[in-house]
Amino acid sequence: NLGMTTIAALAAQVAVAGPAIEKVPCYEISTSLVGVDCFGQPAGLYGIAISPNGEYVCGFYEPCLQENRAFVYKKSTNQLQSLPLAPGFYRMSAADVNDNGIVVGEGDTTALGFRGWVYDLNTQQYTILHPPPGGAWSSASAINSSNVVCGVRSIGPGVNPRTAFMWTPGAG
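Predicted model, so just to flag it, every value in this text is computed and none were measured.

Novice: Please explain the environment of Asp 99 as it appears in this structure.
Specialist: By secondary structure assignment, the location of Asp 99 is in the loop between strand S7 (89-97) and strand S8 (102-109). Residue class for Asp 99 comes out partly exposed when judged on its relative accessible area of 31%. Along the primary structure Asp 99 and Ile 50 are separated by 49 residues, whereas in three dimensions their C-alpha atoms are 9.1 Å apart. Ignoring any residue separated from it by four or fewer positions in sequence, one finds Asp 99 in contact with Ser 51, Pro 52, Asn 53 and Tyr 56. Here the side chain of Asp 99 touches Asn 53 through a polar contact of 2.8 Å, landing on its backbone nitrogen.

Listed below in structure tokens is the structure:
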């Protein structure tokens, strides 16, 4: 009977796979981040990146009936900080943060479209990463310990063509 053969074959595979399943490592939650209040419940938080030393977590959340907002959590103070919107922006998401407290991400502006940005938690200052002349948009996706940012940007009027870029505070 084909049905019995198939069941026997599956049972043999499960018996072989059984011990491997028992070796799956477990994890423990060390910190649970709770979003801002939204009609009596916490807003959804999306943790996207953690600094190499574990001091910062960044990402975005969905405030009540509003566009996404970037956040940073600082472990040593146990504080969740909503980043202020950069001038002209109505939506922002953080993509990475380094040990120096420099956050990068992307946001949407009412007049210019998507733009990458860099935010310094220490000075509370934004640097907006504009695309090259003729480009339509930019996005910052990562930052290293030397504050070098990488991302992607358009080099034409639409979505394509696009190119990766590296940006540094001194060289631009």
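Novice: How should I be thinking about the sheet that holds strand S10 (residues 125-129) in this particular structure?
Specialist: Strand pairing within a sheet occurs via backbone hydrogen bonds; the two strands may be parallel or antiparallel. The 4 strands are arranged S7-S8-S9-S10 in an open sheet whose pairing can be described as antiparallel. Only two strands of the sheet have a single partner each, and these edge strands are S7 and S10. This sheet shows a mean twist of 30 degrees between the axes of neighbouring strands, independent of strand direction. Direction of pairing for strand S9 (residues 113-120) relative to S10: antiparallel, over a ladder of 5 bridges. Bridging from a neighbouring strand, Gly 116 pairs with Leu 129 of S10.

Novice: Explanation requested: the side chain of Ser 93 in the structure shown.
Specialist: Within the element layout of this structure, Ser 93 appears in strand S7. Residue class for Ser 93 comes out buried when judged on its relative accessible area of 18%. For Ser 93, the residues in contact, after removing those within four places along its chain, are Gly 59, Phe 60, Asn 68, Ala 70, Gly 105, Glu 106 and Trp 117.

Novice: When you look at the pairing of strand S5 (residues 69-74) in this model, what are you seeing that I'm missing?
Specialist: The side chains of a regular strand alternate, first on one face of the sheet and then on the other. Taken across its 6 residues, S5 has 5 buried, putting it largely inside the fold. Bridging between strand S4 (residues 56-61) and S5 involves 6 bridges; their strand directions are antiparallel. Bridged to Phe 60 within S5 is Ala 70. With 4 bridges connecting them, S5 and strand S6 (residues 79-82) associate as antiparallel partners. Its bridge partner being in S6, Lys 74 is matched across the sheet by Gln 79.

Novice: Would you explain the packing of aromatic side chains in this entry?
Specialist: Across all of its chains, the model carries 3 aromatic pairs by this definition. Considering the side-chain rings of Trp 117 and Tyr 126, the 5.6 Å spacing of their centres and the 80 degrees angle between planes classify their relative orientation as edge-to-face. Across the pair, exposure class does not vary: Trp 117 and Tyr 126 are buried alike. Ring centres of Tyr 119 and Tyr 126 lie 4.4 Å apart, and the angle between their planes is 45 degrees; on these two criteria the pair is classed as tilted. Judged by its relative accessible area of 1%, Tyr 119 is buried. Given a relative accessible area of 19%, Tyr 126 falls into the buried group. One aromatic cluster is present, formed by Trp 117, Tyr 119 and Tyr 126 through successive ring pairs.

What counts as what
Residues numbered from 1 in each chain as written. Predicted model: local features only at pLDDT ≥ 70, side-chain atom pairs only at ≥ 80, totals over all residues. Heavy atoms only, no water. Helix = DSSP H or I, 4+ residues; strand = E, 2+ residues; numbered from the N terminus. Buried < 20%, exposed > 50% of the residue type's maximum accessible area, 1.4 Å probe, protein only. Contact = heavy atoms within 4.5 Å. Polar contact = N/O pair within 3.5 Å; in protein donor to acceptor, adjacent residues only side chain to side chain. Pairing = 2+ DSSP bridges. Axes fitted to C-alpha atoms, helices over the stretch in contact; angles between N-to-C directions. Phe/Tyr/Trp six-rings, centres within 6.5 Å; stacked < 30°, edge-to-face > 60°.

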